[in-house]
Every structure is written in C-alpha cells, then in structure tokens.
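# Tertiary structure, described
Residues per chain are reported as follows:
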Amino acid sequence: MNLILSFIGKLPEYTIYCIYQIRIYSNLPIYLIYNDYSSKHLEKIKTHDVILVDYKKINCNNKKINSIKKKFHIVDGLYERRELFYRSFERFYLLRNLLELFNLEDIIFLEIDNLVYDDPSKWINIFKNNDVKMSFMIDNIERASTGISYFKDIYYITKLTDYFDNVYFTNNISGKFLNEMSAVYEYYKKNEDDCFIMPS
C-alpha cells in the first residue's frame, strides 16, 4: 500500500503538517508529486522519508485535458492556486502516470489539506475484503469528494481519466462549469459496481 500526495504550484507550509501527521500513524511509502523545486519546505518534508516525484517526469500523455485547459474557470482571488479547477482534474492524470512509472497498487490518494488520525494500512483490509476497486466520499447532492480516495491499481484510475476524456469533457465542453467533484459523481452513477463510498 502507498500514500500519494500531489500539489502543483507553490507548496503551502501545511504540506509539512499533512505528512507529519501521516508519519505519526504510518511508515507506509509516501510519494509527493510537486513542481515547487525551490520551496523552503522541501528540507523538512525530506526528513519524513518522502519520495519526491518531479512533475516534469510524469506530466505526459494528458493531451485531452491540456487541449481544453482554457475552458476551466480561473479564480484570480486564489492567487497561486488560480488554476484550481484545472489542477483538481490534472492530479488524477499525474496519479495515473505515477502508478505506471512505479508499478504501484493499493493507493490512498490524499489532498494535502487533509489530516490523518489513523493508520491507513488498517483501511486496506476493508477495501480488500469488499473487493473495492476505487473509493471516495459523497460530499453533497450529485457531488463526490476525493480529498481521500483509494484506487486498487492503474486500471481503475485509467478508467476514471478515460471517462473524463471521452464522456465528461466531451459532453460538457460547450460551456458547463467543469469541476472534478461533479465529474467523479457522474462516473460513480455510471460505474457503481466499481465504487465503494467511504463513510461521509
């Protein structure tokens, strides 16, 4: 089992706290996908035995999402995170490429603004006993939350990104607000047998 974090842009200080909190409970491998190569936080992050993954090495084969990048809403008030809606999709493509590069399975994908208060390796038994392929939470009506999510292997993350490319983006390119929470929920409604909803 592996934990994967991703943040593209200026690394916030709370990245350290997210990783520190995981390390209180777990010695599982932690991967951090990043592109803030001059971040002052990297030295502290490295002290927690984190595998740093260069964005440039896995940012490939994202032709569809990159071709429609201008369709994503820009939030200028978020400053460095102004491309939030694009990045929230992109991280799944980065995850897919990372799994392919390192041949990883049983993935907990965690947004860095979440804190862990349990050993994630305990969760894997629940997923395995229920033959879970992917898992996330329901956040609201017709909206999923992937702040904490699970993928059994590359097949299921690829199935999700293929859905984005071939169904969600294609059906919504004419002006609908593109957002990852609605897209994952739509995937869930069409692929319920693949999905396990965590308590939410």
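Everything in this summary refers to the structure shown in the same document. (Residues numbered from 1 in each chain as written. Predicted model: local features only at pLDDT ≥ 70, side-chain atom pairs only at ≥ 80, totals over all residues. Heavy atoms only, no water.)

## Topic: the overall build of the protein chain
As a reminder, the rule being used: For helices the rule is a DSSP run of H or I covering at least 4 residues; for strands it is a run of E covering at least 2, with both sets numbered from the N terminus onward. Reported accessibility uses the Shrake-Rupley method at a 1.4 Å probe radius. Residues are deemed covered only where the shown protein chains occlude them.
Along the backbone of the protein chain there are eight helices and seven strands. Surface summary for the protein chain: the accessible area is close to 10300 Å², and the carbon and sulfur share equals 49%.

## Remarks on the pattern of salt bridges
Stated formally: The term salt bridge refers to a pairing of a side-chain nitrogen on Lys or Arg with a carboxyl oxygen on Asp or Glu at a separation within 4 Å.
Taken as a whole and assessed by the stated rule, the structure comprises ten salt bridges. With a closest N to O distance of 3.4 Å, Glu43 and Lys46 form a salt bridge. Here Lys46 and Glu43 lie together in helix H2 (residues 42–46), a separation of three residues that amounts to about one turn. A salt bridge links Arg143 to Asp139; its shortest N-O distance comes to 2.3 Å.

## A few points about the pairing of strand S2 (residues 30–34)
As a reminder of what qualifies: Three labels apply to residues, based on accessible area from a 1.4 Å probe with only protein chains included: buried if under 20% of the type maximum, exposed if over 50%, partly exposed otherwise in between. We treat two strands as partners when DSSP finds at least two bridges between them. By convention a crossover is right-handed if, when the strands point away from the viewer, the path from the first strand over the helix to the second runs clockwise.
Along S2, five of the five residues are buried, which leaves the element largely enclosed by surrounding structure. Of the two faces of S2, the one holding Ile30, Leu32 and Tyr34 and the one holding Tyr31 and Ile33 are both buried throughout. Relative to S2, strand S1 (residues 2–7) runs parallel, the two being bridged by five bridges. Each residue of the ladder has a partner; that of Phe7, found in S2, is Tyr34. Chirality of the crossover, the property in question, places the unit of S1, helix H1 (residues 14–25) and S2 among those that are right-handed. As judged from the five bridges shared by S2 and strand S3 (residues 50–54), these two strands associate in the parallel manner. When the sheet's bridge partners are listed, Ile33 is paired in S3 with Val53.

## Some remarks on unusual backbone geometry
Positive phi, normally seen in glycine, also occurs at Asn103, with a value near 55°. Relative to the assigned elements, Asn103 resides in the loop between helix H5 (84–102) and strand S4 (107–110).

## A short note on the nonpolar core
Stated precisely, the cut-off is as follows: Among the buried residues, those of types Ala, Val, Leu, Ile, Met, Phe, Trp, Tyr and Cys that are joined through side-chain atoms within 4.5 Å form a nonpolar core. Any two residues whose heavy atoms approach within 4.5 Å at even a single point are treated as in contact.
Ile4, Ile33, Leu95, Phe151, Leu160, Phe164 and Phe169 are the most contacted members of the largest nonpolar core, which totals 36 residues. Secondary-structure elements contributing two or more residues to this core are S2, helix H3 (55–58), H5, S4, strand S5 (134–140), strand S6 (143–151), helix H7 (154–172) and helix H8 (180–190). If we skip the residues at most four places from it in the chain, Phe151 touches Phe92, Leu95, Asp106, Ile107, Lys133, Met134, Tyr156, Ile157 and Leu160.

## Some details on the packing of aromatic side chains
Stated formally: To pair, rings of Phe, Tyr and Trp, with the six-membered ring standing in for Trp, must have centres within 6.5 Å; the planes then decide the type, stacked if under 30 degrees apart, edge-to-face if over 60, and tilted in the middle.
Taken as a whole and judged by the stated rule, the model has 13 aromatic pairs. Aromatic pair Tyr34 and Tyr37: ring centres 5.4 Å apart, planes at 70°, arrangement edge-to-face. A ring pair is formed by Phe92 and Phe151, whose centres lie 6.4 Å apart and whose planes are at 75°; its orientation type is edge-to-face. One end of the pair, Phe92, is in helix H5; the other, Phe151, is in strand S6, with 59 residues separating them in the sequence. The structure contains a cluster of three or more aromatic residues connected by ring pairs, namely Phe89, Phe92, Tyr93, Phe109, Phe151 and Phe164.

## Some remarks on the sheet that holds S1
The strands making up a sheet associate through hydrogen bonds between their backbones, and the pairing can be parallel or antiparallel. For clarity, the threshold we go by: A fitted line through C-alpha atoms serves as each axis, taken over the contacting stretch for helices, and the angle formed by two N-to-C directions is quoted from 0 to 180°.
Spatial ordering of the open sheet is given by S3-S2-S1-S4-S6-S5-S7, a layout of seven strands whose pairing is mixed. Both edges of this open sheet fall to S3 and strand S7 (195–197), since each of them pairs with a single strand only. Within the sheet, the average angular offset between the axes of one strand and its neighbour, ignoring direction, is 30°. One ladder, built from four bridges, connects S1 with S4; its direction is parallel. Each residue of the ladder has a partner; that of Leu3, found in S4, is Ile108. Each of S4, S5, S6 and S7 is contacted by helix H6 (residues 121–129), which is oriented at about 100° to S6, the strand it contacts most.

## Here we look at H1
Rules: In a helix, the anticipated span is given by 1.5 Å times the number of residues less one.
Across its twelve residues, H1 extends 17 Å between first and last C-alpha, which sits within 8% of the 16 Å expected from 1.5 Å per residue. The inward-facing, buried residues of H1 abut S1, S2, H2, S3 and S4.

## As for the environment of Glu186
Summarising the element assignment, Glu186 is placed in helix H8. Given a relative accessible area of 23%, Glu186 falls into the partly exposed group. A C-alpha to C-alpha distance of 8.1 Å links Glu186 and Tyr168, two positions 18 residues apart in sequence.

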